[in-house]
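Tertiary structure, described
Below are the chains, spelled out letter by letter.
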Amino acid sequence: MTPPHAGRPALSSFTHRWTSPLSRGALLLTAALLGACATTAPESTPMAGAVPASADPVVVPAPVPAAAPVVAAAASKAGAPVAAASTLIAIDPLVPTERLDLGAPSAQVDLWMRVRQGTAIPDLDNELVRKWEQWYAGKPDYVQRMTERGGRYLFHIVEEVNKRGLPTELALLPFIESAFNPQAMSTAKASGMWQFVPATGRDFSLRQNVFRDDRRDVLASTRAALDYLQTLHGMFDDWQLALAAYNWGQGNVQRAIASNRKAGRATDYDSLRMPDETRNYLPKLQAVKNLVLRPEAFGLALPPLGNHPYFVSVGLERDIDLDVAARLAGLPLDEFQQLNPQMNKPVILAAGTPQVLLPYDNANRFVRALGQHRGSLASWTAWVAPKTVKPAEAARLVGMSEDQLRQVNSIPKGMLVRAGSTLLVPRGAHRADDVAEHIADNAMLALTPDLPPLRRVSFKAGKKGDSVAAVARRYRVSAAQVAQWNDTNAAARFKPGQSVVVMLATKSGKARSAVTRVAAKSGAKASSKPSAKVAATPKQLSKPTATARSRGPNN
């Protein structure tokens, strides 16, 4: 599909381009970086707290002496040109063979100016736009926090938007979706900066498993969101309708358009009937766009953003604990997680996450410290349950306490771990290998209720017949259970002499009561009768309960 606006003149930007978010090309750079770790380079000053979005993240002095920061040395090995004396150069590890000259005019361009120059979506001008302009203008502290946080990611997004020839106001969409918070979670289980629900995330190759959720990955989610927006624009040939579909779902927008056509009404965004959230969606984006175009008109000041990367990519070849990675990079853990928010567990599996994002100075420090590190990098690993087990048994098999196993794997009381589930467990001498790629990419945790064994009791209904409710009272179970076991409904009566089946707990009335309470809530109708001497439970109780984190465009 030819990207919309593909014929537009290219905007001012760096000549380099980012690689695919899931590319493992950064690993080649890592080898060069690690090869340079023997140099006794002076430590970069660690960044304390949040780093200003306008800081030059990848600047090193040239020429490059033996003791220069290792990223610059690696760039030289990778074939990047080394600047002459007194020139500042920068190397983006995502494209190590190209030089970024922060003294060049393009690097001095205000990034907000690039956004302003590339807007192309027709403007809305209505009362809802005015309402949201006033709302943002009345919260200058909120706008300041949101724009400073967005400064970490905006250069990368604008680069991707420009590369595809798309309207640059699309780069502002995370302001509306998540206030540029990559760890945002909605009540509809939409997650990440671009707010993908689980199913749409999977449609656009965003993995969601025990160890990571790519809907929160800065690079992967940006790629997926722009892919999705281009797909929607291809469907509707209208950016306003495409954005409505991003929020409401393309099926809903298509039905609204069909309804208007049938009634002889217009089918543009303003003419469609839609929920309030979607009705306000474009006005919010238009309001933010207006604030970026003319901040002074609303009494606001945008933080200056340089036209260069905030973060660089460093490849991983070994599993590493999150806190260890943050410490080696010289970053507070929460700041490390702002750039690498996709991790669900306290360990990064190199087979599934082959790169981490770091500010430049911290990338230098990380590579040096990694090369000098002795001992294990990871204290956690993965264990796949060979059979369905109680958490206590799983804890015994892996050598940890039951409480700890439940806590780190989010296993509630009264549940069994189903066969094939992947648990986070301590790494030891007998489990020292890094986690394999197929586990890192597909790890799942499935749980099932820990219910007592049941025995099948069968009898004939009396001469006058029995009601389902009467049988339930007699055996102290729910009418819903009796109906399910006998493939009928809770208001039915059994015919005289009809065979009736009930399932009773073999151990304690207490356990039977627990089964009764759960079944009463279900009201599910069985599709088949339980066989003799089989632990029959309500239909939904036999399904695994997924507890791998699966949160989070709105479809």
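Residues numbered from 1 in each chain as written. Predicted model: local features only at pLDDT ≥ 70, side-chain atom pairs only at ≥ 80, totals over all residues. Heavy atoms only, no water.

Brief notes about the overall build of the chain
- When helices and strands are tallied, the chain shows 22 helices and 16 strands.
- Taken across its 555 residues, the chain has 54% of its residues classed as buried.
- Roughly 24,200 Å² of accessible area belongs to the chain as shown, and the carbon and sulfur atoms make up 52% of that amount. (Helix = DSSP H or I, 4+ residues; strand = E, 2+ residues; numbered from the N terminus. Buried < 20%, exposed > 50% of the residue type's maximum accessible area, 1.4 Å probe, protein only. Areas by Shrake-Rupley, 256 points an atom, 1.4 Å probe, with all protein chains shown as cover.)

Section: the nonpolar core
- Judged by nonpolar contacts, the single largest core of 69 residues is most densely connected at Tyr 136, Trp 194, Leu 229, Leu 243 and Tyr 246.
- Residue contributions to this core peak at 10 residues, all from helix α10 (residues 218–236).
- Counting residues in hydrophobic clusters, the runner-up holds 28 residues, among them Phe 211, Ala 395, Leu 424 and Leu 447. (Core = buried A, V, L, I, M, F, W, Y, C linked by side-chain atoms within 4.5 Å.)

A short note on the pattern of salt bridges
- Across all of its chains, the model carries 20 salt bridges by this definition.
- In this structure, the salt-bridge partner of Arg 130 is Glu 133, at a minimum N-O distance of 2.9 Å. You can see Arg 130 and its partner Glu 133 sitting in helix α5 (residues 127–137), 3 residues apart, about one turn around the helix.
- Asp 213 is the salt-bridge partner of Arg 215, the closest N and O atoms lying 2.6 Å from each other.
- Through salt bridges that share partners, Arg 207, Arg 212, Asp 214 and Asp 441 make up one connected network. (Salt bridge = Lys/Arg side-chain N within 4 Å of Asp/Glu carboxyl O.)

A look at the packing of α10 against helix α11 (residues 239–248)
- Close contact between α10 and α11 brings their axes to 8 Å; oriented N to C, the two are set at 125°. When the axes of α10 and α11 are compared, the pair comes out oblique. With respect to the hand of their crossing, α10 and α11 are arranged in right-handed fashion. Residue-level inspection shows Ala 225, Tyr 228, Leu 229, Leu 232, His 233 and Phe 236 of α10 in contact with α11, the latter providing Trp 239, Leu 241, Ala 242, Leu 243, Ala 245 and Tyr 246.
- Of the residues contributing to the contact of α10 with α11, the split by class is 11 nonpolar, 1 polar and no charged. (Axes fitted to C-alpha atoms, helices over the stretch in contact; angles between N-to-C directions. Parallel < 35°, antiparallel > 145°, perpendicular 65-115°, else oblique. Left-handed = near helix turned anticlockwise from the far one by under 90°. Contact = heavy atoms within 4.5 Å. Nonpolar A, V, L, I, M, F, W, Y, C, P; charged D, E, K, R; others polar.)

Notes on the packing of α5 against helix α13 (residues 276–293)
- The N-to-C vectors of α5 and α13 enclose an angle of 55°; their axes lie 8 Å apart at closest approach. One element, α5, and the other, α13, form an angle in the oblique class. Between α5 and α13 the crossing geometry is right-handed. Packed against α5, whose contacting residues are Leu 128, Val 129, Arg 130, Lys 131, Trp 132, Glu 133 and Tyr 136, the element α13 presents Arg 279, Asn 280, Pro 283, Lys 284, Gln 286, Ala 287, Val 288, Asn 290 and Leu 291 at the interface.
- By residue class, the composition of the contact of α5 with α13 is 8 nonpolar, 3 polar and 5 charged.

Quick look at helix α16 (residues 360–372)
- Taking 1.5 Å of rise per residue, the 13 residues of α16 would be expected to cover 18 Å, and the 19 Å separating its terminal C-alpha atoms lies within 8% of that figure.
- Taken together, the buried positions of α16 are Tyr 360, Asn 362, Ala 363, Asn 364, Phe 366, Val 367, Arg 368 and Leu 370. (Expected span 1.5 Å × (residues − 1).)

So, the pairing of strand β7 (residues 355–359)
- Of all 5 residues in β7, 5 are buried, a share of seventy percent or more.
- Side chains Gln 355, Leu 357 and Pro 359 of β7 all project onto a buried face; the interleaved residues Val 356 and Leu 358 project onto the opposite face, where all are buried too.
- When strand β4 (residues 311–315) meets β7, the two strands line up antiparallel, connected through 5 bridges. When the bridges of β7 are listed, Val 312 appears paired with Leu 358. (Pairing = 2+ DSSP bridges.)

Overview of the environment of Asp 270
- Relative to the elements of secondary structure, Asp 270 occurs in the loop between α12 (250–262) and α13.
- Relative accessible area serves as the criterion here: at 45%, Asp 270 is assigned to the partly exposed category.
- The spacing of Asp 270 and Asn 126 is 144 residues in sequence and 10.0 Å in space, taken between C-alpha atoms.
- In this structure Asp 270 touches Leu 124, Asn 126 and Arg 279, once residues within four positions along its chain are discounted.

A few points about the packing of aromatic side chains
- Applying the stated criterion across every chain, the model contains 11 aromatic pairs.
- Judged by centre distance (4.5 Å) and plane angle (75°), the rings of Phe 175 and Phe 180 are edge-to-face. Neither Phe 175 nor Phe 180 differs from the other in exposure class; each is buried.
- With a centroid separation of 6.5 Å and 70° between ring planes, the pair formed by Phe 196 and Tyr 246 is classed as edge-to-face. On the criterion of sequence distance, the pair formed by Phe 196 in the loop between α8 (173–178) and α9 (198–203) and Tyr 246 in helix α11 is long-range, its members being 50 residues apart. (Phe/Tyr/Trp six-rings, centres within 6.5 Å; stacked < 30°, edge-to-face > 60°.)

Some details on the environment of Ser 191
- Take Ser 191: it is sitting in the loop between α8 and α9.
- Distance in space between the C-alpha atoms of Ser 191 and Arg 215 is 6.1 Å, their sequence separation being 24 residues.

A few points about the pairing of strand β8 (residues 380–384)
- Within β8, 4 of the 5 residues are buried, which leaves the element mostly enclosed by the surrounding structure.
- Here β8 runs beside strand β10 (residues 422–426); their pairing, made up of 5 bridges, is antiparallel. By the bridge assignment, Val 384 is partnered in β10 with Thr 422.

Regarding unusual backbone geometry
- Phi is positive for Gln 195, close to 55°, though the residue is something other than glycine.
- By secondary structure assignment, the location of Gln 195 is in the loop between α8 and α9.
- A relative accessible area of 5% places Gln 195 in the buried class.
- Of note, the phi angle at Ser 205 is positive, near 60°, even though the residue is not glycine.
- Inspection of the secondary structure assignment puts Ser 205 in the loop between α9 and α10.

Focus on the confidence of the model for the chain
- Considering every residue of the chain, the mean pLDDT works out to 79; 72% of them sit at 70 or more.
- Note that residues 508–555 has pLDDT below 50 and, in this model, 122 contacts with residues that lie over four places away or in other chains. (pLDDT = per-residue confidence, 0-100.)

Focus: the environment of Met 274
- When you line up the elements, Met 274 lands in the loop between α12 and α13.
- Look at Met 274 and you get buried, because its relative accessible area is 13%.
- Each C-alpha atom of the pair Met 274 and Val 253 lies 8.2 Å from the other, and the pair is 21 residues apart in sequence.
- Dropping the residues within four chain positions of it, Met 274 is found in contact with Trp 248, Tyr 269 and Arg 279.

Description of helix α18 (residues 402–409)
- Within α18, burial applies to Leu 405, Arg 406 and Asn 409. End-on view of α18: buried residues confined to an arc of 95°, all on one side of the axis. Along α18, exposed side chains directed more than 90 degrees from the buried face belong to Asp 403 and Gln 407.
- Where α18 is buried, its residues contact α17 (391–398) and β10.
- In the stretch just after α18, Ser 410 is the one whose phi turns positive, near 55°. (Arc of directions from axis to C-beta.)

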